[in-house]
Amino acid sequence: MNGSADYISDALIGSITDAYQRNEPVRYKLRDGGRIHIDRQLPFLALYRRPATRADLGTERLLLGEASYLLADDRPEHQASLVKLIKEILSIQHKQFGACLLLELWSGAEVTDETRQPAFRIIAPKHGSPSAFLERMENALLNIRIDDDRPDVAISYAEDVTPPQQSLLLTKQELTRLNCLHIGLEVSPIYRDAETNTLLPFRWRRLHYALAHGLKRSFYAFTRHCTPLRPAHYLELGHRTMNRAVYETDERLTRINQQFELLLHVSPVNAHAAWQAFEQANCASPPEFLYRPRRVDPSLMKRELFAIPLERIEDPTLAHIFAQKREELDRQLTLIADRNTNRFLLGSRQLYGDVDAELLELARQVLGIETETAHSQDERGYLNPAELVERARQEIEYYRQQDAGLPARVELRDDVPGIMVAKGNFLVGTDASVSQARINATLAHEIGTHVLTHYNGSQQPFRELYAGMAGYESMQEGLAVLAEYLVGGLSRSRLRLLASRVLAVHMITEGANFIETFRSLLSDYDNTPYTAFTIAMRVFRGGGYTKDKVYLQGLAQVLSYLSGGGDLERLYLGKISYDYLPLIEELQWRQVLLPPRLRPRFLDAAETVTRLEYLRQGATVMDLMKEAV
């Protein structure tokens, strides 16, 4: 319910309380910049009163994103109607839950210390304050970290809880009648510069996100100790209804994302011809790669990208997710603009990062285990492009039996090297071939993972879950390689290929050229000439594309996730990022995200259950390498 009216008039109070009693979302703007947002019936209300005598930049926005909050002006002429509204809300909470919490936030003395250590002071009534709740609230705030700094947390007691130089809201008798605990929380304003009275945006965002979790933990402690409500997790007390800015931002970011496909822009259209020319030149001259025309103007798209007002998003978790996606899109557009220049590699390294020491060592260990040079799988033959298209269509049809709305297509393309999934469609190049021994692994990788997560993400309330969260490639490719293992198709030669890609990425970032990389892959790591060429092509395309390290990296991450007790099916709800798994879990607890619509077919096989149990016991990439053939 949305609306605006005279500042907290009787009619407005009636509309708010009527909706609240029906357990409907309440969202109103108040005059003079105030607002009220109540997601649903909960036994708490977070309150901020804007001081009439001083500026307080940034403080009231710290409550944005909470499930139940009220921001109001503290002018004397507003006092009576504000108190009436608060009493009505608390009365409903008291009737529903038997007790309620009014948590009032304000800022403390200005900070001049350059260290800007976060600090909080809890102000509780001298009489009747539940000690167990206060202790847990203190612990919740102590767990907050701002730039790795632990906060200073203190508890003080007062006859009346009220911000300095502001009026008393409710008397002790009124609070007793409502069985309401009024707690004050004074926040050190480390998020603004005292001399210039300007906001420090990076510090404010970090505090907002961290404090949001501290407040939810505090509300959880009160709910569990003082009411009959028993939420299973503190994140259940987060808000579920989003303001319009969330959906507008999601829509605009996805629209920009859908206007270009970075992988297609950097994939050579003459891969086969380039190999033939390279082979005819005795592998001594670097190949010339040709690319499809760029049909987007990165500068114009960036103008559109940074016109999106992310600052209007109240939810700190979603604000962070969308901000990271905007940064990734910015870097991707820069790559398109910089294709085939010496700036491309630098931009790719910014986007995907370098090969760290741990991943490099893992790749070398994998390549240190020999495999047979003659593979029995070759004796079973290969599927040509037309046969591959037919098998892929059969696989997609299987999933359509689960959900007829699956829109995925299989396309035979002459401008695609090999096979790939783009925007949820399976693309097969006219030069593609897959061995009979690897067809199940290939379909599990491309369709059972990439197509499914794209479709499952499209069923979520946010389009970013199918367009792909920032940094999703590592999780996607790790999950896809895991699927190969679960269907029994992850061979030593396949793992060696993924490790060789890591080495190739490391070589290009260390300054090696195409010929040096090719020769090293050929002689040092026992790849065939064509395989060495393909690996080098993938890494040197566009000017230096370092994405290929994510396959082995992602597999190691997924194995670590499983051995730590992670829920595998959660990873199929969309194109999610490994780094954002805690945020995904939070949104699931808040009932913002939906379970996956489609489930990979291989998860139902008895062999998969056995293999997953093995992985959950702590199996590593090297364990998979040693048992593979």
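Residues numbered from 1 in each chain as written. Predicted model: local features only at pLDDT ≥ 70, side-chain atom pairs only at ≥ 80, totals over all residues. Heavy atoms only, no water.

Q: How should the packing of aromatic side chains be read in this particular structure?
A: In the structure shown here, the tally under the stated rule is 17 aromatic pairs. Between F133 and F222, the aromatic rings sit 5.7 Å apart at their centres with planes inclined by 80°, giving edge-to-face as the arrangement. A residue pair is termed long-range when its members are at least 10 positions apart, and F133 in helix α3 (residues 131-142) and F222 in helix α5 (residues 201-226) qualify at 89 residues. Here the two residues F133 and F222 agree in accessibility, since each one is buried. With a centroid separation of 5.5 Å and 85° between ring planes, the pair formed by Y352 and Y545 is classed as edge-to-face. (Phe/Tyr/Trp six-rings, centres within 6.5 Å; stacked < 30°, edge-to-face > 60°. Helix = DSSP H or I, 4+ residues; strand = E, 2+ residues; numbered from the N terminus. Buried < 20%, exposed > 50% of the residue type's maximum accessible area, 1.4 Å probe, protein only.)

Q: Sorry, what's going on with the sheet that holds strand β12 (residues 410-413) here?
A: The strands that make up a sheet are held in pairs by hydrogen bonds between backbone atoms, and each pair lies either parallel or antiparallel. Read across the open sheet, the 3 strands follow the order β12-β14-β13; overall the sheet is mixed. Bordering the open sheet on either side are β12 and β13 (419-422), each of which pairs with just one other strand. Neighbouring strand axes in the sheet, compared pairwise and without regard to direction, differ in orientation by 25° on average. Where β12 and strand β14 (residues 425-429) come together, 4 bridges link them in parallel fashion. Considered in β14, the bridge of R413 is made with G429. Packed onto the sheet, helix α13 (residues 385-402) meets β12, β13 and β14 and runs at close to 165° relative to β12. Set on the sheet, helix α14 (residues 439-458) makes contact with β13 and β14; between it and β13 the angle comes to about 10°. (Pairing = 2+ DSSP bridges. Axes fitted to C-alpha atoms, helices over the stretch in contact; angles between N-to-C directions. Contact = heavy atoms within 4.5 Å.)

Q: Help me understand the sheet that holds strand β1 (residues 26-29) in this model?
A: The strand order across the open sheet formed by 8 strands is β1-β2-β4-β3-β5-β8-β6-β7, and the pairing between neighbours is mixed. Strands with a single pairing partner mark the edges of an open sheet, and in this sheet they are β1 and β7 (152-158). Looking at each pair of strands side by side, their axes are set apart by 20° on average, direction ignored. Docked against the sheet, helix α1 (residues 10-21) engages β1 and β2 (35-38), running at close to 160° with respect to β1.

Q: Looking at this structure, how should I read the confidence of the model for the protein?
A: Caution is warranted with low-pLDDT regions, since their predicted coordinates should not be read in detail. For the protein, per-residue confidence averages 93 on the pLDDT scale, and 97% of positions sit at 70 or higher. Of all the helices and strands in the protein, β13 carries the lowest mean pLDDT, 89, while strand β5 (residues 100-107) carries the highest, 98. A low-confidence stretch, residues 1-5 (pLDDT under 50), is modelled with 17 contacts involving residues beyond four sequence positions or located in other chains. (pLDDT = per-residue confidence, 0-100.)

Q: Help me understand the packing of helix α9 (residues 298-305) against helix α10 (residues 316-337), please; the structure alone is not making it clear to me.
A: To describe two helices that pack against each other, one gives the angle between their axes and the distance between the axes. Their axes nearest at 9 Å, the elements α9 and α10 cross at an angle of 170°. It follows from the interaxial angle that α9 and α10 lie roughly antiparallel. Facing α9, whose interface residues are P298, M301, K302 and L305, α10 presents R326, L329, D330, L333, T334, I336 and A337. Here the contact of α9 with α10 is composed, by residue class, of 7 nonpolar, 1 polar and 3 charged. (Parallel < 35°, antiparallel > 145°, perpendicular 65-115°, else oblique. Nonpolar A, V, L, I, M, F, W, Y, C, P; charged D, E, K, R; others polar.)

Q: Help me understand the pattern of salt bridges in this model?
A: Pairing between side chains becomes possible if they bear opposite charge and their charged atoms approach one another. One pass over the structure, following the stated rule, counts 47 salt bridges. Of the charged contacts, one joins E251 and R255 as a salt bridge, the two residues approaching to 4.0 Å between their closest N and O atoms. Taken together, the positions of E251 and R255, both in helix α6 (residues 244-258) and 4 residues apart, correspond to about one turn of that helix. With a relative accessible area of 32%, E251 lands in the partly exposed category. By relative accessible area, which is 36% here, R255 ends up partly exposed. Where salt bridges share partners, they join D32, R50, E60, D73 and R75 into one cluster. (Salt bridge = Lys/Arg side-chain N within 4 Å of Asp/Glu carboxyl O.)

Q: Whenever I open this one, helix α17 (residues 492-509) confuses me. Can you help?
A: Residues that lie three or four places apart on an α-helix share one face, since the helix turns once every 3.6 residues. Compared with an ideal rise of 1.5 Å per residue, which puts 18 residues at 26 Å, α17 spans 26 Å between its outermost C-alpha atoms and is within 8% of the ideal. Burial runs high along α17: 16 of the 18 residues are buried. One or two steps after α17, the chain reaches G511, where phi turns positive at roughly 105°. (Expected span 1.5 Å × (residues − 1).)

Q: Could you clarify how one ought to interpret the environment of Q365 in this entry?
A: On the secondary structure map, Q365 appears in helix α12 (residues 357-367). For the pair Q365 and I123, spaced 242 residues apart in sequence, the C-alpha separation works out to 57 Å.

Q: For this particular structure, what's the right way to read the nonpolar core?
A: One broad trend across soluble globular proteins is that nonpolar side chains are buried collectively. Formed by 111 residues in total, the largest nonpolar core has its most connected members in L482, L568 and L615. Setting aside residues no more than four positions away along its own chain, L615 makes contact with L482, Y485, L486, L559, L562, S563 and L624. Listed in part, the 40 residues of the second largest apolar core include Y48, A67, I190 and A221. (Core = buried A, V, L, I, M, F, W, Y, C linked by side-chain atoms within 4.5 Å.)

Q: Quick question: what am I supposed to make of the side chain of R494 here?
A: Relative to the helices and strands, R494 resides in helix α17. Apart from the residues lying within four places of it in its own chain, the contact partners of R494 are R438, H445, E484 and R501.

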